[in-house]
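The primary structure of each chain is shown beneath.
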2 protein chains.
Amino acid sequence: MADSPVFHPFDAALQLLPTANDPHGFDGHTSAAYWNMVGPYGGISAATLVQAVMQHPQRLGEPLVLTVNYAAGTAAGAYRIHAEPVRSTRSTQHWVLRLTQPDADAQDQVVLTATAMTALRRDTWQQSDAPLPQVPAPQAVPRSNLQNAMEWLSRYDLRYHSGSVPSVWDGSLHPSLSQLWMRDEPVRPLDYPALAAMSDVFYPRIWRRRTTRVPAGTVSMTIYFHASARQLTETGTGYLLGQAQAQAFRHGFFDQTAQVWNEAGTLLATSHQLVYFKE
Amino acid sequence: MADSPVFHPFDAALQLLPTANDPHGFDGHTSAAYWNMVGPYGGISAATLVQAVMQHPQRLGEPLVLTVNYAAGTAAGAYRIHAEPVRSTRSTQHWVLRLTQPDADAQDQVVLTATAMTALRRDTWQQSDAPLPQVPAPQAVPRSNLQNAMEWLSRYDLRYHSGSVPSVWDGSLHPSLSQLWMRDEPVRPLDYPALAAMSDVFYPRIWRRRTTRVPAGTVSMTIYFHASARQLTETGTGYLLGQAQAQAFRHGFFDQTAQVWNEAGTLLATSHQLVYFKE
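Described in the following lines is the structure provided in the data block. (Residues numbered from 1 in each chain as written. Chains lettered and ligands numbered in written order. Predicted model: local features only at pLDDT ≥ 70, side-chain atom pairs only at ≥ 80, totals over all residues. Heavy atoms only, no water.)

1. Comments concerning the pairing of strand E8 (residues 156-162) of chain B
Residue and element names in this part refer to chain B.
Inference 1: With five of its seven residues buried, E8 lies for the most part within the structure.
Inference 2: Across six bridges, the pairing between E8 and strand E9 (residues 178-184) is antiparallel. Looking at the pairing, Tyr156 lines up with Asp184 of E9. (Buried < 20%, exposed > 50% of the residue type's maximum accessible area, 1.4 Å probe, protein only. Helix = DSSP H or I, 4+ residues; strand = E, 2+ residues; numbered from the N terminus. Pairing = 2+ DSSP bridges.)

2. Looking at the pattern of salt bridges
Inference 1: Taken as a whole and judged by the stated rule, the model has 22 salt bridges over all chains.
Inference 2: Here Arg80 of chain A ties to Asp27 of chain A by a salt bridge, and the two come within 2.7 Å at their closest N and O atoms. Of this pair, Arg80 of chain A sits in strand E4 (residues 78-88) while Asp27 of chain A sits in strand E2 (residues 25-29); the two residues are 53 residues apart in sequence, bridging distant segments of the chain.
Inference 3: For Arg80 of chain A, a relative accessible area of 36% gives the class partly exposed.
Inference 4: Note on Asp27 of chain A: relative accessible area 25%, which makes it partly exposed.
Inference 5: Close ionic contact of Arg188 of chain B with Asp11 of chain B constitutes a salt bridge, the shortest N to O distance being 2.8 Å. With a gap of 177 residues between them, Arg188 of chain B in the loop between E9 and helix H3 (192-198) and Asp11 of chain B in helix H1 (residues 9-13) connect regions that are remote in the sequence.
Inference 6: Residue classification places Arg188 of chain B among the buried residues on the basis of a relative accessible area of 9%.
Inference 7: On the basis of relative accessibility, which here comes to 26%, the residue Asp11 of chain B falls in the partly exposed class. (Salt bridge = Lys/Arg side-chain N within 4 Å of Asp/Glu carboxyl O.)

These values are about where atoms sit, not about what they do.
Okay, structure coming up:
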């Protein structure tokens, strides 16, 4: 219908409206299309925070750093983001963000804490010391059949070259490395929120390392956006190669480091996360 | 004198007093002993934030994650830290922190933004996939003579096995990797603030990569503390091995990833930072 615009599910999930009486407030609603097991996919939450920064009328420059801490489970329903630029220079801007939801007594409770930095990018000396791994082209890698596991997985075209989700949970030990091609399904031109979302696409490394499906969930994630807006535009609707591996598992937590390139081999983002696990 | 206790310079730098009328406030003062070129060593600022969390009467558990954003230069003088636990579960606690200093009009200005997470550590399955690199023992590596460059360097015993600060700035290209043994000078038993400080000990990777000393400074750093308090106690006053390397340099910023082990080979911390550079 002419009066009912068709949104990409990613854009629908990122719909934010200005909060009344708070110049730094944005009201949103969780999206069933990006649901994980008991809450939203962590990547969509990160993307929504980036979106709040992108929509803020005082924003200076492009996203450079985002750290998100998953302090509590996000419940299905409405949420409020507070995204405030707390210090700016001529070329950089630092942000403090939080996502809250009301509890049973209508008191706002913190669900996510976050900080971000935006900056004007300049042309400087450049060098990539993390080249695109030698993997077959995305068209040569079969699409993984994960669509029935969790709703958000149906929002992506994921093609694991190595380290795919185990099909048999036999407790065997393997290197934690995974490499996969990915893009939105249906396709959508890449932007900063989408890059943030795809930086979290990797399933918990401990599932791969131990071939054991223990309860696990991200508690903190940091993303460094190396790509300029022009490089995102150049990437368009192409596939991204994501790679993730762990460094240490101990005391109920492990870290995972990740890199994301486009098909042309440009390193678009590096990210790191700390993940809770049980047993 | 009996009434004048002798503090280690690190402990003196971390002296914080509760702020009047703010249960989450801590008042401190910059330390000349940890001065960098135009402000405090970034590691001492990170350590001071950890110290605020450690001193907070509502703290639950041990430090697990710290993200610090260097929003503006810290001026010599007094500062105030606000360190607030904003969400707690039975075993984890999320913190939002800021460090402020008054401007010329006595208005508080944000200098650092930060988030942190503390947690009760449990015994679980464990595995390190980042083993201690094969390097000679610290006693077999000569101590680097960097003491005259910046004051904070005199607070550490640094022994570069590879990737030391160039002695001739000839513009040649090299891998960005550095590996060094380090400990406090004079020695001091390791704790979380000290581990945070030493996670930032690496000089800007671009100086090594290009053998060119361009202006550079950390804008954001995240530390994952893998060590339990007991593992820090076991490490004691031993040397730590630090390793750092870059992944990408572009548009005036580069990232560097780092690992820190004790002499026994336990991975104590992994960290990442984004660094501004000029040209």
